[in-house]
Amino acid sequence: MIGYQQQYLGYGIHCIDAHYVRQGQACCYLLVEDGGVAVIETGTNHTVSAISEALASLGLTAEAVRYVIPTHVHLDHAGGAGLLMQHYPDAQLVVHPRGARHLADPAKLIQGVVAVYGESAYRELYGELLAVPEERITSAEDGLGLSLDRRTLEIRHTPGHAEHHFCLWDEASNGWFTGDTFGLAYLTSALGGDRFIMPTTTPVQFAPERLLSSLDLLMSYQPQRVYLTHYGLLKAPERYVMLLREQINAWCEMALCLDAGPERESIICQRITDLTLARIKARWPDADMAMVEEDLAMDLELNAQGLEVWLQRQQQ
Ligand SMILES: [Zn+2]
C-alpha cells in the first residue's frame, strides 16, 4: 500500500497529499527546521485542512509557518495560497515575480483555468480563490536565499513549463523542490521498484528549449533527490533526466510534422499517448497497462493542449 496523506522523507521534510483530483495526484511539502516551517506548494483550498492537520500532528502551531512557497501559479500548486495565508498570520508568501500579481489579484488565474477546464470543474477542483494582501507577498528574484534558522533555501528561476516557475534548492538534503520542471512520476507508476517519469507540457507557456535549459541548471547542482509535486521523493535524478529530455524532444519533433487544423490537438494526444505507452511496455513488459493509461490520461491530454498552444505560437 502506498503511504499517502503524510510521509516523512528525512531532513525535516514531510510530504502531504494535496487532495487534488485523487489521492497521489499532487502533494505539498512541509520543511521543518528548528521549529520554523516552510510550506512548499499550497495545493488548492481543499489542501488547507490537511496542511493544518500535519502541522498539528508535528506539535507545531500556525505561528511557526514562516513561508508559503508555491513553485508557480498553476492552481494545483498555488490555488490554496490565499486561504493558507489567512491561516498562517506570520507567514510571507514567496512567489516568482511573474506570478506575484496573480496571487494578489487572482481574477486572471480564474479566467485562465475556466478556459481550460470549464466553470464547474474550476469550482469543484479549486473552490473560491482568495487574494493575498500585497504586503505579504515576496517577489523572488533568481538566486534569492530564504533562511529558515540555519538552513537556507535557494530560489532558481526555471522557465519552460511556465515562465512564472522557480525551483527551490535545499542544500541540507542535496535536493530540489521541482514543482513541474522535473516532470511527473506517480507512485502508482512504480514499475518493479522503478518509476516512470514524463514531462509536463501544460498550456499556455510551454517552451521546450527553456525547459531543457532548466533541466541542465537543476542537474548542474548534482542533486541526489528531487521532490516532485506529482508526486513525492525521487532519488538519483540523474537516472531519470535523460528520459525527460528524450520525451520533450520526441514530442516536439512529432508535433512539428503535423498540419495545422482543428484535429491537430487530438492527433497530438493520440501520438504522445502511443509513444508513452510503447515506451512503458518496452521497458516494463509486465506493467498493468490499463492502470498506467488511466493514471496518465489527464496529463497526456493537458500535455497535448500545451504542445498545440506552443505550435500555434511558433507559427504566428
Ligand atoms: Zn504547472
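Before reading further, recall that the structure is shown in the block above.
Thresholds, definitions, all that
Residues numbered from 1 in each chain as written. Predicted model: local features only at pLDDT ≥ 70, side-chain atom pairs only at ≥ 80, totals over all residues. Helix = DSSP H or I, 4+ residues; strand = E, 2+ residues; numbered from the N terminus. Contact = placed C-beta atoms within 7 Å. Pairing = 2+ DSSP bridges. Axes fitted to C-alpha atoms, helices over the stretch in contact; angles between N-to-C directions. Buried ≥ 20, exposed ≤ 12 C-beta atoms within 10 Å, placed from the backbone. Core = buried A, V, L, I, M, F, W, Y, C linked by C-beta atoms within 7 Å. Bend = angle between axes of the 7 residues up to and from the residue. Arc of directions from axis to C-beta.

### What about unusual backbone geometry?
Next up, step 1: The omega torsion of the bond from Pro 203 to Val 204 falls at 5°, within 30 degrees of zero and hence cis.
Next up, step 2: Following the sequence through the fold, Val 204 ends up in the loop between β13 (194-195) and α7 (208-220).
Next up, step 3: Residues other than glycine seldom take positive phi values, yet His 19 does so here, at roughly 55°.
Next up, step 4: Backbone geometry places Val 21, a non-glycine residue, at a positive phi of 65°.
Next up, step 5: Relative to the assigned elements, Val 21 resides in the loop between β2 (13-17) and β3 (27-33).

### A closer look at the environment of Gly 99
Next up, step 1: Relative to the assigned elements, Gly 99 resides in helix α4 (residues 97-104).
Next up, step 2: Counting along the chain gives 41 residues from Gly 99 to Ala 140, while the straight-line C-alpha distance between them is 9.7 Å.
Next up, step 3: Here Gly 99 is in contact with His 72, Val 73 and His 164, once residues within four sequence places are set aside.

### A short note on the sheet that holds strand β4 (residues 36-40)
Next up, step 1: Strand order in the open sheet formed by seven strands is β1-β2-β3-β4-β5-β6-β7, and the pairing between neighbours is mixed. Since the sheet does not close on itself, it has two edges, and those belong to β1 (6-8) and β7 (137-139), each with one partner. This sheet shows a mean twist of 20° between the axes of neighbouring strands, independent of strand direction.
Next up, step 2: Pairing geometry for strand β6 (residues 92-95) and β7, over three bridges, is parallel. When the sheet's bridge partners are listed, Val 95 is paired in β7 with Ser 139.
Next up, step 3: Here helix α1 (residues 48-57) sits on the sheet in contact with β1, β2, β3 and β4, set at roughly 145° to β2.
Next up, step 4: Set on the sheet, α4 makes contact with β6 and β7; between it and β7 the angle comes to about 160°.

### Some thoughts on the pairing of strand β14 (residues 225-228)
Next up, step 1: What you see with β14 is no split at all: Arg 225 and Tyr 227 on one side and Val 226 and Leu 228 on the other are buried throughout.
Next up, step 2: Looking at chain direction, strand β11 (residues 175-179) and β14 are connected through four bridges and run parallel. If you follow Trp 176 over to β14, its bridge partner there is Val 226.
Next up, step 3: The sheet contact formed by β14 and strand β15 (residues 232-235) spans four bridges and is antiparallel. Within β15, the residue paired with Leu 228 across the bridge is Gly 232.

### Describing the nonpolar core
Next up, step 1: Within the largest apolar cluster, 84 residues are counted, with the highest numbers of intra-cluster contacts made by Tyr 29, Val 39, Val 68 and Leu 93.
Next up, step 2: Apart from the residues lying within four places of it in its own chain, the contact partners of Tyr 29 are Ile 13, His 14, Cys 15, Ile 40, Glu 41, Phe 177 and Tyr 227.

### Some points on helix α10 (residues 289-314)
Next up, step 1: Remark: the principal bend of α10, roughly 45°, maps to Leu 296.
Next up, step 2: Residues Val 292, Asp 295, Leu 296, Asp 299, Leu 300, Asn 303, Ala 304, Gly 306, Leu 307, Glu 308 and Trp 310 constitute the buried set of α10.
Next up, step 3: Turning to α10, the residues buried within the fold contact α8 (241-256) and α9 (264-283).

### A closer look at the environment of Ile 13
Next up, step 1: Along the chain, Ile 13 turns up in strand β2.
Next up, step 2: The spacing of Ile 13 and Gln 316 is 303 residues in sequence and 44 Å in space, taken between C-alpha atoms.
Next up, step 3: Setting aside residues up to four positions removed in sequence, Ile 13 forms contacts with Tyr 29, Leu 31 and Ser 173.

### Here's the deal with the pairing of β11
Next up, step 1: Taking burial as the measure, the five residues of β11 include five buried ones, the bulk of the element.
Next up, step 2: Residues Gly 175, Phe 177 and Gly 179 line one face of β11 and the alternating positions Trp 176 and Thr 178 line the opposite face, and both faces are buried.
Next up, step 3: Bridging between strand β10 (residues 166-170) and β11 involves three bridges; their strand directions are antiparallel. Bridging across to β11, Trp 169 finds its partner in Trp 176.
Next up, step 4: What sits between the antiparallel neighbours β10 and β11 is a turn of four residues, in which Asn 174 has the positive phi angle 55°.

### Regarding the sheet that holds β14
Next up, step 1: In spatial order, the strands read β8-β9-β10-β11-β14-β15; together these six strands make up an open sheet with mixed pairing. The open sheet has two edge strands, β8 (145-148) and β15, and neither has a second partner. Put simply, the sheet's adjacent strands are angled 25° from each other on average, direction ignored.
Next up, step 2: Both strand β9 (residues 151-157) and β10 contribute to a ladder of five bridges, which runs antiparallel. Considered in β10, the bridge of Glu 154 is made with Trp 169.

### Some thoughts on α1
Next up, step 1: When α1 is considered as a whole, its buried residues turn out to be Val 48, Ile 51, Ala 54 and Leu 55. Buried residues of α1, seen end-on, are gathered within an arc of 125° and therefore sit on one face of the element. Opposite its buried face, α1 presents the exposed residues Ser 49, Ala 56 and Ser 57, each directed more than 90 degrees away.
Next up, step 2: Lining the buried residues of α1 we find β1, β2, β3, β4 and α3 (81-87).

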